[in-house]
2 protein chains.
Amino acid sequence: MSSISIIGLGGMGRAIAARAVGSGHTVEVVGRDAAKAKDLAAALGGGATAGTFGTAPAGDIVILAVPNAAAVPVVARYGNALAGKVIVDITNPMKADASGLTTSDGTSAAQEIATAAPASAHVVKAFNTVFGHVLTPGRRLDVLFAGDDAQAKASVSAFIESLGLRPLDAGGLDMAHWLEGTGLLMVSLARHSAGDFNFALGVSNFH
Amino acid sequence: MSSISIIGLGGMGRAIAARAVGSGHTVEVVGRDAAKAKDLAAALGGGATAGTFGTAPAGDIVILAVPNAAAVPVVARYGNALAGKVIVDITNPMKADASGLTTSDGTSAAQEIATAAPASAHVVKAFNTVFGHVLTPGRRLDVLFAGDDAQAKASVSAFIESLGLRPLDAGGLDMAHWLEGTGLLMVSLARHSAGDFNFALGVSNFH
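The structure displayed is predicted, hence computed values, not measured ones.

Visitor: Would you mind showing me how to read the sheet that holds strand β2 (residues 26-30) of chain A here?
Guide: Working definition: the strands of a sheet are paired by backbone hydrogen bonds and lie parallel or antiparallel to each other. Residues and elements named next belong to chain A. Here eight strands make up an open sheet; going across it, the order is β3-β2-β1-β4-β5-β6-β7-β8 and the pairing mixed. Two strands bound the open sheet, and with one partner strand each, they are β3 (49-50) and β8 (166-169). Alignment of strand β7 (residues 142-147) against β8, held across four bridges, turns out to be parallel. Looking at the pairing, Val143 lines up with Pro167 of β8. Sheet strands in contact with helix α5 (residues 150-162) are β1 (3-7), β4 (61-64), β5 (86-89), β6 (122-126), β7 and β8, and its direction is about 40° off that of β6.

Shown next as C-alpha cells:
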C-alpha cells in the first residue's frame, strides 16, 4: 500500500480519499482550513490523518486536488517541500463558462505545474476526466493518465488500480493538453447530450 | 431512410457505407477512382451506386471520408455542388507521427472545411473518435458529434442512430477541435496502454 497525501478538501479530493482509505492506503488530507482537514480525516477513518498546509506532505504520492487556478500558487507555496514527490494533477483548466481552456496550444495545467514544482518532483496528469461524484465505491471506471517519468507513472498506475479503477496510459505529459481538452468535452457532452453529469468516459476493448 | 453520399473509398468510408446499406439507406459511394467506386457499390449491394467525383452528390448527407489533408481541396473542388448539403467531416488532422494535430488553437479541420464549403452547406464533425475497423455490424458504439446548425445535427444524429450506433452531441463546431484532440488521444492510448487499436471510446451513464 502507498502513502498518499491529498491537498484539497473538495468533492474530488474527498472521493479519491474515500476510495484510498477503503483500499487500505495510508491517507493524509491537507487543506488551508486545518479544522476542516481534521474533520475530514476523522470522517474518513482508517487511520487517515490531517497534514499541515504548506509543509512537506507525508505521502510519496501527492494529489493536487485544488481548483486549477490555485494549483500553481499552491505548488509554488510548497516549494521544496514537494521535492522528490509524485504530484498528481487532477485539475481542469477551464474557463468559468466552460467555453474553452485557460491554457493554450502546446501547454497544459500539468506542464505549468511541472514547471512550478521542484525539479526532483514528477507530475502525472490523472483523474481529470472523471467526475468526482460518479467515483462511488465499487464502480470500476477508467482513469486516463499521462506523464513523462516512467517510475512516477507506474506508481500512479498502481495506485489507480488499487482503488478498483482501471488505469489507461495516455502517453507523455504533452498529452495532458488533450486530457484537459477531454475534460472540457465532457462538460459539453453533459450540456448537449447527457443532460446531466452522471456519466463516465471510458474505453471498451474488443478481442 | 436517408440518402447518403460517401466521398472516399478507404476503410472508414467502407465501414460507414456497409452499416448504412445494412440499415436500408440509399447509399452512393464516390471516389477519384471511378472503377474502384463501382466495385465498392457492387460489393455493398442493397442498391448502392457509384457517383461521379466532383459532381453534385445524390445524398442529402455527404460524408467526407478522405484523408484530412485532402478534405479542404476536395470540398474546394466540389464547390457549389455541395450547396445545401450536410457535410459530415470524419477526418483526423494528425501529424504523420501522431505527435500532435496539424491544426492549432481556436480552429479545427471541421471549421476549415466549413470555411471552404458553400455558405448554404452545414458541417457536422462526427465519427472521428471511432476506429473504422471496430465499426463492425451489430456493435453499438458511441459516436460523438458537433456542429452549429441544429437541423443538420438532428439529421446526422438520426443517421448515426439508424446505424445502430449511439449519437452523443458534443456541442457546437468549436468543439470539433477537442473531438480532433480526442482522436489524437486515442492513438496515444493505443500506443501506451491498449497495445492495439481494438477499442472504442464511449460513455457509461449512471442513473
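Visitor: What's the story with the nonpolar core in this structure? I'm lost.
Guide: Nonpolar side chains tend toward joint burial in soluble globular proteins. Grouped together as the largest cluster of nonpolar side chains are 116 residues, with contacts concentrated most on A:Ile16, A:Ile63, A:Phe127, B:Ile16, B:Ile63 and B:Phe127. Ignoring sequence-local partners within four residues, the contact set of B:Ile16 consists of B:Ile6, B:Ile63, B:Ile90, B:Phe127, B:Leu135, B:Phe159 and B:Leu163.

Visitor: Just to check I follow, could you spell out the pairing of strand β7 (residues 142-147) of chain B for this structure?
Guide: All names here are of chain B. Most of β7 is tucked away: six of the six residues are buried. Of the two faces of β7, the one holding Asp142, Leu144 and Ala146 and the one holding Val143, Phe145 and Gly147 are both buried throughout. Relative to β7, strand β6 (residues 122-126) is paired through three bridges, and the arrangement is antiparallel. Paired with Lys125 across the strands is Ala146, a residue of β7. With respect to chirality, the unit in which β7 leads through helix α5 (residues 150-162) into the neighbouring parallel strand β8 (residues 166-169) is right-handed.

Visitor: What's the story with empty space enclosed by the protein in this structure? I'm lost.
Guide: In this approach, a probe sized like a water molecule rolls over the atoms, and the result shows the empty space that is left. Applying the stated criterion across every chain yields a total of one cavity of 30 Å³ or more. The volume enclosed by the largest cavity comes to roughly 30 Å³. In this structure, the largest cavity is lined by A:Leu189, A:Ser193, A:Ala194, A:Phe199, B:Leu168 and B:Val203. Among the elements that make up the lining of the largest cavity, the one with the highest residue count is helix α6 (residues 176-194) of chain A (three residues). The class makeup of the residues in the lining of the largest cavity is five nonpolar, one polar and no charged.

Visitor: Any chance you could explain the interface of chain B and chain A here in plain terms?
Guide: It is common to report an interface's size as the accessible area lost on association of the parts. Between chain B and chain A, the contact holds 34 residues from the first and 34 residues from the second. Across the chain B to chain A interface the summed buried area is about 3,000 Å²; carbon plus sulfur atoms make up 64%. On the chain B side of the interface with chain A, the three residues burying the most area are B:Trp178, B:Leu185 and B:Phe206, jointly 24% of the side's total. Connecting chain B to chain A are zero salt bridges. For the interface between chain B and chain A, the tally reads ten residue pairs in polar contact (both at pLDDT 80 or more). Going through the elements one at a time, β8, α6 (176-194) and β9 (199-205) of chain B are the ones with two or more residues in the side of chain B that touches chain A. Element by element, the count of residues in the side of chain B that touches chain A is highest for α6(B), at twelve residues.

Visitor: Explanation requested: the packing of aromatic side chains in the structure shown.
Guide: Both the distance between ring centres and the angle between the ring planes are used here to describe each pair of aromatic rings. Residue and element names in this part refer to chain A. Going through the model one piece at a time under the given rule, you end up with seven aromatic pairs over all chains. Here the aromatic rings of Phe53 and Tyr78 are separated by 5.5 Å at their centres, their planes lie at 80°, and the arrangement is edge-to-face. Residue Phe53 is located in the loop between β3 and β4, and its partner Tyr78 is located in helix α3 (residues 68-78); the two are separated by 25 residues in the primary sequence. The interplanar angle of 75° and the centroid separation of 5.2 Å between the aromatic rings of Phe131 and Phe197 together place this pair among those described as edge-to-face.

Visitor: Looking at this structure, I do not really get unusual backbone geometry. What am I missing?
Guide: What you tend to see is this: most non-glycine residues have negative phi, and most peptide bonds are trans. Residue and element names in this part refer to chain A. For Ala98, which is not glycine, the phi torsion reads 55° and is therefore positive. For Ala98, the position within the fold is in the loop between β5 and α4 (109-116). With a relative accessible area of 13%, Ala98 lands in the buried category.

Visitor: Just checking my understanding: could you explain the relation of the copies chain B and chain A for this structure?
Guide: These two copies of the chain differ by a rotation about an axis and a displacement along the same axis. Rotating chain B by 180° and translating it 0.0 Å along the rotation axis places it on chain A, where the RMSD comes to 0.0 Å. Taken together, the rotation and translation describe the operation of a two-fold axis. When the interface residues of chain B are mapped onto chain A, 100% of them again fall at the interface, so both copies present the same face.

Visitor: Help me out: how do you make sense of the pairing of β6(A) in this one?
Guide: The side chains of a regular strand alternate, first on one face of the sheet and then on the other. Residue and element names in this part refer to chain A. Burial within β6 is extensive, with four of its five residues counted as buried. Relative to β6, β5 runs parallel, the two being bridged by four bridges. Note on β6: the bridge partner recorded for Val86 is His122. Regarding topology, α4 serves as the crossover connection from β5 to the parallel β6, and that connection is right-handed.

Visitor: Just checking my understanding: could you explain the layout of surface pockets for this structure?
Guide: Residue and element names in this part refer to chain B. In this structure, the largest pocket encloses a volume near 420 Å³. As for the largest pocket, its lining consists of 23 residues, and the residues nearest its centre are Met12, Ile90, Thr91, Asn92 and Asn128. Breaking the lining of the largest pocket down by element, the ones donating at least two residues are α1 (11-22), α3 (68-78) and α6. Of the residues that constitute the lining of the largest pocket, the class distribution is twelve nonpolar, eleven polar and no charged.

Visitor: Could you clarify how one ought to interpret the pattern of salt bridges in this entry?
Guide: When the charged atoms of two side chains with opposite charge come close together, those side chains can pair. If you walk through the whole model with that rule in mind, you get ten salt bridges over all chains. Measuring nitrogen to oxygen at the nearest pair gives 2.7 Å for the salt bridge that ties A:Glu180 to A:Lys125. Separated by 55 residues along the polypeptide, A:Glu180 in helix α6 and A:Lys125 in strand β6 bring together distant segments of the chain. Comparing A:Glu180 with A:Lys125 shows no difference in burial state: the two are buried. Measuring nitrogen to oxygen at the nearest pair gives 2.7 Å for the salt bridge that ties B:Lys125 to B:Asp89.

Calculation notes
- Residues numbered from 1 in each chain as written.
- Chains lettered and ligands numbered in written order.
- Predicted model: local features only at pLDDT ≥ 70, side-chain atom pairs only at ≥ 80, totals over all residues.
- Heavy atoms only, no water.
- Pairing = 2+ DSSP bridges.
- Helix = DSSP H or I, 4+ residues; strand = E, 2+ residues; numbered from the N terminus.
- Contact = heavy atoms within 4.5 Å.
- Axes fitted to C-alpha atoms, helices over the stretch in contact; angles between N-to-C directions.
- Core = buried A, V, L, I, M, F, W, Y, C linked by side-chain atoms within 4.5 Å.
- Buried < 20%, exposed > 50% of the residue type's maximum accessible area, 1.4 Å probe, protein only.
- Right-handed = clockwise from strand over helix to strand, strands pointing away.
- 1 Å grid on protein atoms, 1.4 Å probe; cavity = no way out; pocket = protein on both sides within 12 Å on 5 of 7 lines; lining within 4 Å.
- Points joined across faces, edges and corners; volume = space filled by probe spheres on them.
- Nonpolar A, V, L, I, M, F, W, Y, C, P; charged D, E, K, R; others polar.
- Buried area = accessible area lost by both parts, 1.4 Å probe.
- Salt bridge = Lys/Arg side-chain N within 4 Å of Asp/Glu carboxyl O.
- Polar contact = N/O pair within 3.5 Å; in protein donor to acceptor, adjacent residues only side chain to side chain.
- Phe/Tyr/Trp six-rings, centres within 6.5 Å; stacked < 30°, edge-to-face > 60°.
- Least-squares fit on C-alpha atoms with pLDDT ≥ 70 in both.

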